[in-house]
Amino acid sequence: MDNEMILSFLAKSENESLARLAVTSFIAHLDPTIEELAECKTIVSEAVSNAIIHGYDGAYGMVTVHAILDGEVLSVSIKDEGRGIPDIESAREPLFTTKGHLERSGMGFTIMESFSDEFTIESHIGHGTTITFTKKFSPIQAIAM
Amino acid sequence: MKCKITMYPNEVAIIKLYGELDHHEVEKVRSQISSTILQGDLKTLIWNLEYLQFMDSAGVGLILGRMRELHAVSGRTIILNPSPTMEKIFRFSGLAAYMMHGGEEIAISQARGIVNG
């Protein structure tokens, strides 16, 4: 393992940008491409937004982002201790949302799965949800050579 | 996050978004954009994303929501200059047909149905 980071914050929407910034800084020295970086930020943003909107739904609680860097492979888990996902299969369906009235697009899981190399959801009703993804980066220098 | 709305004759509005558009920021700009649609005779909304540094699915929700409002007045939507990552997000969401690249003038011409060349 090359590096590790744990960040915990209150489930408030203004912390979505904090989570993105922390993960972005954590991988900065890998010299990721703009697109790799943007995809990684998007996954983190989707997962943290889900934890805040669905996991806690306005309730008090903490979201924890745990990132591990192993060579060029980043692995991140985003954990909440909220209500859990009753039906994971439906939640993964494109356009499925339980918060249509909040204009949620229902695309979060589709985007997270598409932008990551490996993606898992672990959820227990009443205990919370942990989303884990891995993404391999191809350093710009390596491509140039 | 900054949002600049410019109205043009013939019922066209261009929305320029700056900074990062996530669930938190969407909540702040939605009502401003909605009131532009609901006032007057707006027929086309052009989202210029050239200066937007980041967007997640909350941006899709924002645009889809405004498309529904525009639908009531038979209005149309153009998503202008999304980044490659945003393009993927719009494609996943079934919005590929609404995207285009180029200057605002071209988008306005397209909106007015005057396509040259």
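Rules of the game
- Residues numbered from 1 in each chain as written.
- Chains lettered and ligands numbered in written order.
- Predicted model: local features only at pLDDT ≥ 70, side-chain atom pairs only at ≥ 80, totals over all residues.
- Pairing = 2+ DSSP bridges.
- Helix = DSSP H or I, 4+ residues; strand = E, 2+ residues; numbered from the N terminus.
- Axes fitted to C-alpha atoms, helices over the stretch in contact; angles between N-to-C directions.
- Contact = placed C-beta atoms within 7 Å.
- Core = buried A, V, L, I, M, F, W, Y, C linked by C-beta atoms within 7 Å.
- Buried ≥ 20, exposed ≤ 12 C-beta atoms within 10 Å, placed from the backbone.
- Left-handed = near helix turned anticlockwise from the far one by under 90°.
- Nonpolar A, V, L, I, M, F, W, Y, C, P; charged D, E, K, R; others polar.

*Asks:* In this structure, what is going on with the sheet that holds strand β5 (residues 128–136) of chain A? I would like to understand it.
*Replies:* The strands that make up a sheet pair up through hydrogen bonds in the backbone, lying either parallel or antiparallel. Residue and element names in this part refer to chain A. Judged by pairing direction, the sheet is antiparallel, and its five strands sit side by side in the order β1-β2-β3-β5-β4 without closing on themselves. Edge strands, defined here as strands with exactly one partner in the open sheet, are β1 (3–10) and β4 (118–124). Within this sheet the neighbouring strands show an average axis-to-axis angle of 10°, counted without direction. Of the strands in this sheet, β1, β2 (62–70) and β3 (73–80) touch helix α1 (residues 16–26), which is tilted by about 15° from β2.

*Asks:* It is not clear to me how the nonpolar core should be interpreted in this structure. Could you clarify?
*Replies:* Taken as a class, soluble globular proteins show a tendency for nonpolar side chains to be buried jointly. Core analysis: the largest hydrophobic core is formed by 58 residues, its most contacted members being V23(A), V44(A), I78(A) and I46(B). Ranked by the residues each element gives to this core, the list is headed by helix α2 (residues 34–56) of chain A, at 11 residues. Those residues in contact with V44(A) that lie beyond four places of it in its chain are A19(A), R20(A), V23(A), V76(A) and I78(A).

*Asks:* Quick question: what am I supposed to make of the packing of α2(A) against helix α4 (residues 108–115) of chain A here?
*Replies:* For any two helices packed against each other, one specifies the inter-axial angle together with the distance between the axes. Residue and element names in this part refer to chain A. One way to put it is that α2 packs onto α4 with a least axis distance of 9 Å and a crossing angle of 145°. In this structure, α2 meets α4 at a crossing whose hand is left-handed. Within the contact between the two elements, α2 uses E39, T42, I43, E46, A47 and N50 and α4 uses G108, I111, M112 and F115. Among the residues forming the contact of α2 with α4, the class breakdown is five nonpolar, three polar and two charged.

*Asks:* Hey, could you run me through the pairing of β5(A) in this one?
*Replies:* Looking along a regular strand, one sees side chains alternate from face to face of the sheet. Residues and elements named next belong to chain A. Sheet analysis places β3 next to β5, joined by eight bridges and oriented antiparallel. By the bridge assignment, V76 is partnered in β5 with F133. Counted along the chain from β4 to the antiparallel partner β5, the turn is three residues long, and its residue G126 has a positive phi close to 80°.

*Asks:* Help me out: how do you make sense of the interface of chain B and chain A in this one?
*Replies:* Between chain B and chain A, the contact holds 19 residues from the first and 22 residues from the second. Among the elements of the structure, α1 (23–38), α2 (57–71) and α3 (84–92) of chain B are those that each provide at least two residues to the side of chain B that touches chain A. In terms of residues, the side of chain B that touches chain A owes the most to one element, α2(B), which gives seven residues. Residue composition of the side of chain B that touches chain A, by class: eight nonpolar, eight polar and three charged.

*Asks:* Which parts of the structure should I look at to understand the pairing of β2(A)?
*Replies:* When β1(A) meets β2(A), the two strands line up antiparallel, connected through eight bridges. Bridge pairing in β2(A) places F9(A) opposite V63(A).

*Asks:* Any chance you could explain unusual backbone geometry here in plain terms?
*Replies:* Negative phi characterises most residues that are not glycine, and trans characterises most peptide bonds. All names here are of chain A. In the Ramachandran plot, D57 falls in the positive-phi region, its phi being about 50° despite a non-glycine side chain. Assignment of secondary structure puts D57 in the loop between α2 and β2. Although it is not a glycine, L95 adopts a positive phi angle of roughly 70°. Considering the arrangement of structural elements, one finds L95 in the loop between α3 (88–92) and α4.

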